[in-house]
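Residue strings, one per chain:
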Amino acid sequence: MTERRRELLYDEICEKAVSYGIGMVGPEVIDEINILQATYQAMREAIAQMNPAPELLLNDAVTIPGVDIPQVPLIHGDALSVSIAAASILAKVTRDRYMRAADSIYPEYGFAGHKGYGTKAHSEAILTYGPCPLHRRTFLRKLLGECDA
């Protein structure tokens, strides 16, 4: 799906969804608790924002710990459930918008182009300019060839 199409669908989803929530976790939390646990935390934050609260969660291949709502994990859920597909679009557009905003603060890293993914250009920018506050230290250790302490 193109970025333009996701942007259009984002607005439609927000307008027509019964409820939705968006959770975000910063790089320091990801470094502290790991990417999977941080993802679960963001999912719990998103669920907590939903009003009305859901009675059942359809999840893309995971069961979220610490959630009392019944859950159904679906492998390739975004292809099987319009709800999961919509959540994926909201997450992707939110991240892309965040990274475009970060690009205006840290233009030397090219966040608007690679959206924070570990592309060659992104890695080269980190090696040239050093890390900024948005960079995960665990990612930097791998990039810089450092061992976990």
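If you're wondering where the values come from, they're calculated on a predicted model, not measured in any experiment. (Residues numbered from 1 in each chain as written. Predicted model: local features only at pLDDT ≥ 70, side-chain atom pairs only at ≥ 80, totals over all residues. Heavy atoms only, no water.)

1. Things to note about the environment of G145
With respect to the helices, strands and loops of the structure, G145 is situated in the segment after α8 (137–144). The class for G145 is exposed, based on a relative accessible area of 64%. In sequence terms G145 and S81 are 64 residues apart; their C-alpha atoms lie 40 Å from each other. (Helix = DSSP H or I, 4+ residues; strand = E, 2+ residues; numbered from the N terminus. Buried < 20%, exposed > 50% of the residue type's maximum accessible area, 1.4 Å probe, protein only.)

2. With respect to the pairing of strand β1 (residues 57–60)
Here β1 shows a clear split, with L57 and N59 buried on one side and none of L58 and D60 buried on the other. One ladder, built from four bridges, connects β1 with strand β2 (residues 71–74); its direction is parallel. Across the sheet, the residue bridging to L58 is V72, located in β2. (Pairing = 2+ DSSP bridges.)

3. Side note on the packing of aromatic side chains
Within the structure shown, the criterion is met by three aromatic pairs. With a centroid separation of 6.3 Å and 70 degrees between ring planes, the pair formed by Y106 and Y109 is classed as edge-to-face. Ring centres of Y109 and Y129 lie 6.2 Å apart, and the angle between their planes is 70 degrees; this geometry places the pair in the edge-to-face category. With Y109 in the loop between α5 (82–105) and α6 (111–114) and Y129 in helix α7 (residues 120–129), this residue pair connects regions lying 20 residues apart in the sequence. Residue class for Y109 comes out buried when judged on its relative accessible area of 4%. Relative accessible area serves as the criterion here: at 52%, Y129 is assigned to the exposed category. Site record: aromatic cluster; members linked through ring pairs are Y106, Y109, F111 and Y129. In this structure, R95 is placed above the aromatic ring of Y117, and the distance from its NZ or CZ to the ring centre is 4.8 Å. (Phe/Tyr/Trp six-rings, centres within 6.5 Å; stacked < 30°, edge-to-face > 60°. Lys NZ or Arg CZ within 6 Å of the ring centre and 35° of its normal.)

4. Re the side chain of H122
Along the polypeptide, H122 turns up in helix α7. On the basis of relative accessible area, H122 is assigned to the buried category, the value being 2%. Looking at H122, its side chain comes within polar contact range of the side chain of H135, at 2.9 Å. The contacts of H122, once residues within four sequence positions are left out, are F111, H114, G116, Y117 and H135. (Polar contact = N/O pair within 3.5 Å; in protein donor to acceptor, adjacent residues only side chain to side chain. Contact = heavy atoms within 4.5 Å.)

5. Remarks on the pattern of salt bridges
Scanning all chains against the criterion turns up nine salt bridges. When the shortest N-O distance is used, the salt bridge between E7 and R97 registers 2.6 Å. With a gap of 90 residues between them, E7 in helix α1 (residues 3–16) and R97 in helix α5 connect regions that are remote in the sequence. One salt bridge connects K120 with E124, and the closest N-O pair in it is separated by 3.9 Å. Residue K120 and its partner E124 are located together in helix α7, separated by four residues, close to a single helical turn. The exposure class of E124 is partly exposed, given its relative accessible area of 41%. Connected through salt bridges with shared partners, the residues E3, E7, D11, R97, R100 and K115 form a single ionic network. (Salt bridge = Lys/Arg side-chain N within 4 Å of Asp/Glu carboxyl O.)

6. Examining the nonpolar core
Listed in full, the eight residues of the largest apolar core are M99, A102, Y109, F111, A125, I126, C132 and L140. Those elements that provide at least two residues to this core are α5 and α7. Apart from the residues within four sequence positions on either side, A102 is in contact with F111 and L134. (Core = buried A, V, L, I, M, F, W, Y, C linked by side-chain atoms within 4.5 Å.)

7. Here's the deal with the packing of α1 against α5
Where α1 meets α5, the closest approach of the two axes is 9 Å, and the angle between their N-to-C directions is 115 degrees. Pair α1 / α5 crosses with left-handed handedness. The residues of α5 that touch α1, namely those facing E3, R6, E7, L9, Y10, D11, I13 and C14, are A86, I89, L90, K92, V93, T94, D96, R97 and R100. (Axes fitted to C-alpha atoms, helices over the stretch in contact; angles between N-to-C directions. Left-handed = near helix turned anticlockwise from the far one by under 90°.)

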